[in-house]
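A closer look at the structure
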Amino acid sequence: MIAHKFDMEKFEKLNTQAVPLNIENVDTDQIIPARFLKATDRNGFGDNLFRDWRYDSNNQPIEEFVLNNPNFSGKILVAGNNFGCGSSREHAAWALTDYGFKVVISSFFADIFKGNALNNGLLPIQVSPEVLANIFKVLDDKPDASFIVDLKAQKLLVENIELEVDFEINNYKKTCLLNGYDDIDYLVSQKEKISQFENLKNA
Amino acid sequence: MGKTLFDKVWDSHVVDRIKDGPDILYIDKHLIHEVTSPQAFSELKNRNIPVFRPNQIVATADHNVPTLNQHLPIQDALSRKQVAQLNENCVEHGIELYGLGHPYQGIVHVIGPELGITQPGMTMVCGDSHTSTHGAFGSIAFGIGTSQVAQVFASQCLLVDKPKSMRITVNGQLSPGVHPKDVVLYIIAQLGTDAGTGHFVEFAGSVFEQMSMEGRMTVCNMSIEMGARGGMIAPDETTYSYVKGKEFAPKGVELDQKIAYWKTLPSDNDAQFDQEYHFEASNIRPMVTYGTNPGMGIGIGETIPNESGASFEKSLSYMGFKKGDSLENLPINYVFIGSCTNSRIEDFRAASEYIKGKQKAPNVHALIVPGSQQVAKQIEEEGLKDVFEAAGFEIRQAGCSACLAMNEDKIPAGEYCVSTSNRNFEGRQGPGARTILASPITAAAAAVEGKIVDCTQI
C-alpha cells in the first residue's frame, strides 16, 4: 500500500449516539452559510454549523431545530437523501467535524461533499432509503439509541432494531481513514512520474 | 468500442492508475480565488511543500469583493484580510493574480474563457463547484475542495476515481424567447438535483450545436445543480472561433495544430454512455424556480406540482407558495442579473434588448453585476450601460455579488428576487431571501413589469 505521513486523526471504532436531521437535499449553504467563509484558517466553523436553522435573526437558539434539542447528542448525523449538494466549500466538512461529528449517514451524498468529508476524517455512510427510514424511526422512539460504527469491518450496528448494515467504502479511502493518511504525501512522492508525464505530454 | 469526449480527455491525463484505487489525474490549469485557497496555502506551508507548477495557476478575487468603490480599501475587515492573504500568497509563490483593480479581474469562470485560458481538451479545476462552466469548451473541468486545492498545488495532480458518463441530448428548435438558462433549468427540473451524481455529462444534440459559447457556458455551469461533477460540450467551429484571438489562446501554427487535435475530441459514433436522456426542444418554455433547490422549476405559466413530503412542504413554506400556485404575475421587488451563470456580454445584450426604451417598475431594485472588468468595459462600449441606466438599473463592478451574498449585496429577508444565478437555496442571497432562478430576459422583464411575466407572451 501507499506510503504516507500521518496527518489526519485515525478513524477509530465508534460507540455513540446519533442526531436525526430528516430533511432531503441539505445543501452546503445550510451546513455553513457563505457569510461565514471569510476565515483564513480551518477552525471554529462548528459554531456556525446550520447557523440559519439553529439560530434566529437575534442569534437565539431555535428550539425546534434538532441541534438545540437536549434529547439528542452523539458523533453521528443522520440526514435525508442527497446530503451536501451545492457548493464545493470544504468548510461544510470542517463545520461538521469541528462541531464533533465523525460520521454522516444518508441514503445519498453529493460527490464533492463526500470527497471533502473523506479528506477530513469524516465518514459518509450510505445506506438504502429503507434503512435510513428505519434509523429515523429508531431515533424517534429512542433518541439515545446506541450506534456502533466499525470501519475496519465496514459495519454499522444499531441498538434496538437488530440492524447490522454492511457499508461500502473505496479500499484506498478506507486505508487512509484507518491510518490517518491523506493524499498529499502520496502525490508528492509521485513527482518524478508526474514530471515524466509532463515531458511526454509536451513532446 | 468508441470513446466518449470525456474518455478521450480523461484518459490522456492519467499519469497512473492505482490498483484498487483512484487515478492520478494531471491538471492542466488550476484557477484559484480568495475564499477556498488560504487554508490550502497554509497546509503547504505547514508541511514545507513548495507549489509544484505555479505557472499553471491563475488567481483572481471574486467571491468576497465589494461591487462598489473597488478602488478603495475593502471596508469589511475579514473580507479585506482574505483578499490581502490571496495577494500575499500569490506573490510568495509566483502565481499570476488578477486582483481588484486589474483589467482582467472578474468571476473566475468568466475570466478563464474570456482570456483564452480555458481551451478544449484540457483538465481544469478550481475550489468552486461551478468550475463545470469550462466544460463548454470540451474540457474536463470540475470543482474541488480545499484539501484538493492543496494537492494540486503540491503535485499538479489529483487522486480521483473516474466518474461515469451520461449524455443528455436535446434536439429540435427552441421557441423564440427560450434561452440556454431555460434549457438547463428544464433539464434539472426533469431529472432532479441528484440525477447526475457520480457522472460527467455530455450535452449533445442540435440545440447545443446551435448555441453560442456563452449559452453553452450557462448550461455546463449548472450541470453541478443536477449533481454532476461536470458538463461537457464537444468543441466545434463555434468553439474554435471563440478561442481564436483571445489573450492566452494559442496563435498561428500552434493554433492550427491545436484545432487539428480538438477535432479528434468529439465522442465517437459508437461510444457508449452509462446513462442517456433525450429531450425535445419544443417542449421547453421560459422557466422559473418555485422552491429551494434548482430542480424545483416550472414553465412560467405552469403551476406548482402537488408533491408531498416534509422537505417539499418546508421548501414551499420558506418561499411563501402553495401547491397549485402559478408564479405568473407574482409581484417582486428585487432583480439580480449577474453570477458565473449569466454575467457574460451576451446575457447583458439580451437583457438590454428587452429593456431598451422601457423603465424598470418603481418598486424594483434592479442590480446589474458584470462578470468581469472586461465585460463591464464591453457593456460601456456597446452602449448597454446607457440603456440600463436610462431604465433605472444599477450597474455595479465585477464579482460574485448577490449570487451568494458574501459581500454587502444581499436580498432582504422575505423578499423575492428574480435572479440569473444558479442556486435558490434557503438564505443563499441573504438570510431569509427568496430566490427565483430565471434567464436574463425573464429577469429583465420582471424588473420592467414589477412582476413575473412570460416575455414570449408579451
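Numbers given to residues run from 1 along each chain, matching the order in which its sequence is written. Numbering of ligands from 1 and lettering of chains from A proceed in the order in which they are written. Residue-level local features of this predicted model are given only where pLDDT is at least 70; pairs of side-chain atoms are given and counted only at 80 or more, and the full residue set underlies all totals for whole chains, interfaces and linings. Side-chain numbers here rest on the full set of heavy atoms in the structure, without hydrogens or water.

It is worth spelling out the pairing of strand β19 (residues 434-437) of chain B at this point. Residues and elements named next belong to chain B. Neither face of β19 is open: one carries R434 and I436, the other T435 and L437, and all of them are buried. Two strands pair under a simple rule: DSSP has to find at least two bridges between them. What counts as a helix is a DSSP run of H or I of at least four residues, what counts as a strand is a run of E of at least two, and both are numbered from the N terminus. Looking at chain direction, strand β18 (residues 416-419) and β19 are connected through 4 bridges and run parallel. Residue pairing in the sheet places S419 in a bridge with L437 of β19. Accessible area is worked out with a 1.4 Å probe on protein chains only. A residue is then buried under 20% of its type maximum, exposed over 50%, and partly exposed in between.

A separate point is the interface of chain B and chain A. Residue contacts follow a heavy-atom distance rule, with two residues in contact if any of their heavy atoms lie within 4.5 Å. Each partner contributes residues to the interface: chain B has 66 residues there, and chain A has 54 residues. Simply put, the buried area is the total loss of 1.4 Å probe accessible area from both parts when two parts are fitted together. In total, chain B and chain A occlude about 4800 Å² of area from one another, counting both sides; carbon and sulfur atoms represent 56% of this. The three residues of chain B that bury the most area against chain A are B:Q39, B:R47 and B:L159, which together make up 13% of that side's buried surface. Any carboxyl oxygen of Asp or Glu that lies within 4 Å of a side-chain nitrogen of Lys or Arg is treated as forming a salt bridge with it. Applying the counting rule to chain B against chain A returns 8 salt bridges. For A:D29, the salt bridge identified is with B:R428, shortest N-O distance 2.8 Å.

One finds A:F50, A:F83, A:L96 and A:I105 to be the most contacted residues of the largest nonpolar core, which totals 111 residues. Among the elements that line this core, the one with the most residues is helix α15 (residues 440-449) of chain B, at 7 residues. Dropping the residues within four chain positions of it, A:F50 is found in contact with A:L21, A:V26, A:Q30, A:I31, A:F65, A:L67, A:L77, A:F83 and A:L96. By nonpolar core we mean a set of buried residues, namely Ala, Val, Leu, Ile, Met, Phe, Trp, Tyr and Cys, connected to one another through side-chain atoms within 4.5 Å. Membership of the second largest hydrophobic core comes to 77 residues, among which are B:I27, B:V83, B:V149 and B:A234.

Glancing now at unusual backbone geometry. Look at A:Q154: it is not a glycine, yet its phi comes out positive at around 55°. Relative to the helices and strands, A:Q154 is located in the loop between β6 (147-150) and β7 (155-158). The buried category is assigned to A:Q154, whose relative accessible area is 17%. Positioned with a positive phi, B:N48 is a non-glycine residue whose angle comes to about 60°.

To find leftover empty space, a probe the size of one water molecule is rolled over the atoms. Using a 1 Å grid laid over the protein atoms alone, points where a 1.4 Å probe fits but cannot get out form a cavity; open sets with protein on both sides within 12 Å along at least 5 of 7 lines form a pocket; any residue with an atom within 4 Å of a point counts as lining. Grid points are joined across faces, edges and corners, and a volume is the space filled by probe spheres set on the points. Taken as a whole and assessed by the stated rule, the structure comprises 5 cavities of 30 Å³ or more. In this structure, the largest cavity spans a volume of roughly 220 Å³. In terms of residue class, the lining of the largest cavity is made up of 8 nonpolar, 11 polar and 5 charged. Asp, Glu, Lys and Arg are counted as charged, while Ala, Val, Leu, Ile, Met, Phe, Trp, Tyr, Cys and Pro are counted as nonpolar; the rest, among them Gly, fall into the polar class.

With that out of the way, let us pick up the packing of aromatic side chains. All names here are of chain B. Put simply, two rings from Phe, Tyr or Trp (the six-membered ring, in Trp's case) pair if the centres are within 6.5 Å, and we call them stacked under 30 degrees between planes, edge-to-face over 60, tilted for the rest. The final tally for this structure, using the stated rule, is 23 aromatic pairs over all chains. Measuring from centroid to centroid gives 5.4 Å for F137 and Y242, while their planes differ by 65°, and the two rings are edge-to-face. One end of the pair, F137, is in the loop between β6 (123-126) and β7 (140-143); the other, Y242, is in helix α9 (residues 237-243), and 105 residues separate them in sequence. We note that F137, like Y242, is buried. Connected via pairs of aromatic rings, a cluster forms that spans F6, W10, F142 and F200. The ring of F52 carries the charged tip of R53 above its face, separated from the ring centre by 3.9 Å. The rule is short: NZ of Lys or CZ of Arg within 6 Å of the ring centre and within 35 degrees of the ring normal puts a charge over the ring. Above the plane of the ring of Y242 lies K246, whose end atom (NZ or CZ) is 4.0 Å from the centre.

Here the focus is helix α10 (residues 252-262) of chain B. Residues and elements named next belong to chain B. Within α10 the residues assigned to the buried category are L255, I259 and W262. Along the axis of α10, the buried positions cluster into a sector of 60°, meaning they face one direction only. Turned more than 90 degrees away from the buried face of α10 sit V253, D256 and Q257, all of them exposed. Each element contacted by the buried residues of α10 is listed here: α9. Starting at the helix axis, one direction is taken to each C-beta atom, and the arc is that of these directions.

All names here are of chain B. Under the 1.5 Å per step criterion, the end-to-end length of helix α3 (residues 77-93) is 24 Å for 17 residues, consistent within 8% with the ideal 24 Å. Listed in full, the buried residues belonging to α3 are S79, Q82, V83, L86, N89, C90 and H93. Along the axis of α3, the buried positions cluster into a sector of 120°, meaning they face one direction only. The exposed residues of α3 that point more than 90 degrees off its buried face are E88 and V91. Next to the buried residues of α3 lie β3 (29-32), α2 (38-47), β4 (57-60) and β5 (96-98). Whenever a nitrogen or oxygen atom comes within 3.5 Å of another N or O atom, the pair is scored as a polar contact, on the condition that within protein one atom can donate a hydrogen and the other can accept it, and that pairs from neighbouring residues in sequence are kept only if both atoms are in side chains. N-capping of α3 is provided by D76, with a side-chain oxygen placed 3.1 Å from the backbone N of L78. How far a helix is expected to stretch is found by multiplying one less than its residue total by 1.5 Å.

Let's shift gears to the side chain of B:R428. The topology assignment puts B:R428 in the loop between β18 and β19. Of note is the side chain of B:R428, whose polar atom sits 3.0 Å from the backbone oxygen of B:C403. Residue contacts for B:R428: discarding those within four places in its chain leaves A:D29, A:S87, A:R89, B:C403, B:L404, B:A405, B:N422 and B:R423.

Take the pattern of salt bridges next. All names here are of chain B. All chains considered together, the criterion is met by 39 salt bridges over all chains. Where E382 meets R349, a salt bridge forms, and the shortest distance between an N and an O atom there is 2.8 Å. Residue E382 is found in the loop between α13 (373-381) and α14 (384-390), and its partner R349 is found in helix α12 (residues 345-355); the two are separated by 33 residues along the sequence. The class of E382 is partly exposed, set by a relative accessible area of 36%.

Attention now goes to the packing of α2(B) against helix α5 (residues 146-155) of chain B. Between two packed helices, both the angle of their axes relative to each other and the distance between the axes serve to describe the pair. All names here are of chain B. Lines fitted to C-alpha atoms define the axes, with helix axes restricted to the stretch in contact, and inter-axis angles between N-to-C directions lie between 0 and 180 degrees. Taken N-terminus to C-terminus, the directions of α2 and α5 make an angle of 50°; their axes are 8 Å apart at the nearest point. For the element pair α2 / α5, the angle class is oblique. Judged by the twist between their axes, the crossing of α2 over α5 is right-handed. Where α2 approaches α5, its residues Q39, A40, F41, E43 and L44 are matched on the opposing element by T146, V149, A150, F153 and A154. Taken together, the residues that form the contact of α2 with α5 break down as 7 nonpolar, 2 polar and 1 charged. For classification purposes, angles smaller than 35 degrees are called roughly parallel, those larger than 145 roughly antiparallel, those between 65 and 115 roughly perpendicular, and all remaining angles oblique. Less than a right angle of anticlockwise turn of the near helix away from the far helix marks a crossing as left-handed, whereas a clockwise turn marks it as right-handed.

For the rest of this paragraph, the subject is the sheet that holds strand β10 (residues 199-204) of chain B. In a beta sheet, neighbouring strands are held together by backbone hydrogen bonds and run either parallel or antiparallel to one another. Residue and element names in this part refer to chain B. Spatially, 4 strands are ordered β11-β10-β9-β12 in an open sheet, and the strand pairing comes out parallel. Edge positions in the sheet fall to β11 (230-232) and β12 (275-280), since each of these pairs with one other strand and no more. Ignoring strand direction, the axes of neighbouring strands in this sheet form an average angle of 20°. Of the strand pairs in this sheet, strand β9 (residues 164-171) and β10 are connected by 6 bridges, and their pairing is parallel. Bridged to R167 within β10 is E202. Here helix α6 (residues 180-191) sits on the sheet and contacts β9, β10 and β12; the angle it forms with β12, its principal contact strand, is near 125°.

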